[in-house]
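# Structure assessment
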Amino acid sequence: MKFIVFLGLLFVCFTCQSFAQEEDEEEFRGLRIGIVKKPKRCPQETKHGDHLTVKYNASLVDGTLLVPPRNLEFTIGEGSMIQGWDQGLLDMCIGELRELITPSGYAYGELPVGDAIPPKAHLVFYVELLEIKDGQPKPDIFGQVDVNGDGLISHDEVAQYLRKESIPDGDGDKSHQTVINEIFNEEDKDNDGYISLSEFQGFKHEEL
Ligand SMILES: *[C@@H]1O[C@H](CO)[C@@H](O)[C@H](O)[C@H]1NC(C)=O
Ligand SMILES: [Ca+2]
Ligand SMILES: [Ca+2]
């Protein structure tokens, strides 16, 4: 019960804040992601939990340079960086360069940062992705499901896994076939009928 009340409050405050921002700022409501350069080959894209090395610079929208080009390592999607980075650097290839136009709501908000970043600053970042290290890959589950060890999870292998885990095969929505289809819809990003290790997110389905 407490939890529900808390969520309610959070929601109210959140809407207040975004209304206030909308009044203040007509043009800067959302994060804008511009892809400046994208390599042709992209075997791996960034996802939540990956450890990234990037080269970036930062400036104010008027062009004032705040941070000259430098390298940085961080884990994406865990709130260790500003929201503009956590959301704006997903599905990115190595060698890709993005321009993030980041309203203050996705950056440092009302607070000034040091002497350089004034309150409510909208920031412009150029971010080039240099390296991806998989966050917590799940080689254990992946390896258990990929019984023939070819590095790909097939429909059959998921079906075997469901039987092995004694997940009941019910009717309709509860049938293994439905569960498998949902898993592949969610995880087989390139629709080739297999889930590769880089596509694999762990099975998030409620039955599993
Ligand atoms: C930041 O880097 C980009 C891409 O390398 C460059 O085009 C831009 O001029 C730089 N920004 C500033 C303010 O120096
Ligand atoms: Ca396999
Ligand atoms: Ca695939």
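The model shown is predicted, which means the values in this text are computed figures rather than measured ones.

About the cut-offs
Residues numbered from 1 in each chain as written. Chains lettered and ligands numbered in written order. Predicted model: local features only at pLDDT ≥ 70, side-chain atom pairs only at ≥ 80, totals over all residues. Near = placed C-beta within 6 Å. Nonpolar A, V, L, I, M, F, W, Y, C, P; charged D, E, K, R; others polar. Helix = DSSP H or I, 4+ residues; strand = E, 2+ residues; numbered from the N terminus. Buried ≥ 20, exposed ≤ 12 C-beta atoms within 10 Å, placed from the backbone. Axes fitted to C-alpha atoms, helices over the stretch in contact; angles between N-to-C directions. Parallel < 35°, antiparallel > 145°, perpendicular 65-115°, else oblique. Left-handed = near helix turned anticlockwise from the far one by under 90°. Contact = placed C-beta atoms within 7 Å. Pairing = 2+ DSSP bridges.

### A look at the site of ligand 1
As a structural note, the neighbourhood of ligand 1 is formed by N57, S59, G63, L65 and Y126. Class assignment for the residues of the shell around ligand 1 results in 2 nonpolar, 3 polar and no charged.

### A closer look at unusual backbone geometry
A positive phi angle is found at D91, which is not glycine, with a value near 55°. Here D91 is to be found in the loop between α2 (83-88) and β4 (97-102). The exposure class assigned to D91 is exposed, which follows from the 11 C-beta atoms found within 10 Å. Positive phi, normally seen in glycine, also occurs at K120, with a value near 55°. Note that K120 resides in the loop between β4 and β5 (123-133).

### Examining the packing of helix α4 (residues 155-164) against helix α5 (residues 176-187)
Put simply, α4 and α5 touch, their axes get as near as 10 Å, and they point 130° apart. Classified by the interaxial angle, the pair formed by α4 and α5 is oblique. Handedness of the α4/α5 crossing: right-handed. Each of H155, V158, A159 and L162 in α4 lies in contact with α5, whose residues at this interface are H176, V179, I180, I183 and F184. The class makeup of the residues in the contact of α4 with α5 is 7 nonpolar, 2 polar and no charged.

### Things to note about the pairing of strand β2 (residues 51-60)
Both β2 and strand β3 (residues 65-75) contribute to a ladder of 8 bridges, which runs antiparallel. Looking at the pairing, T53 lines up with E73 of β3. Counted along the chain from β2 to the antiparallel partner β3, the turn is 4 residues long, and its residue G63 has a positive phi close to 100°.

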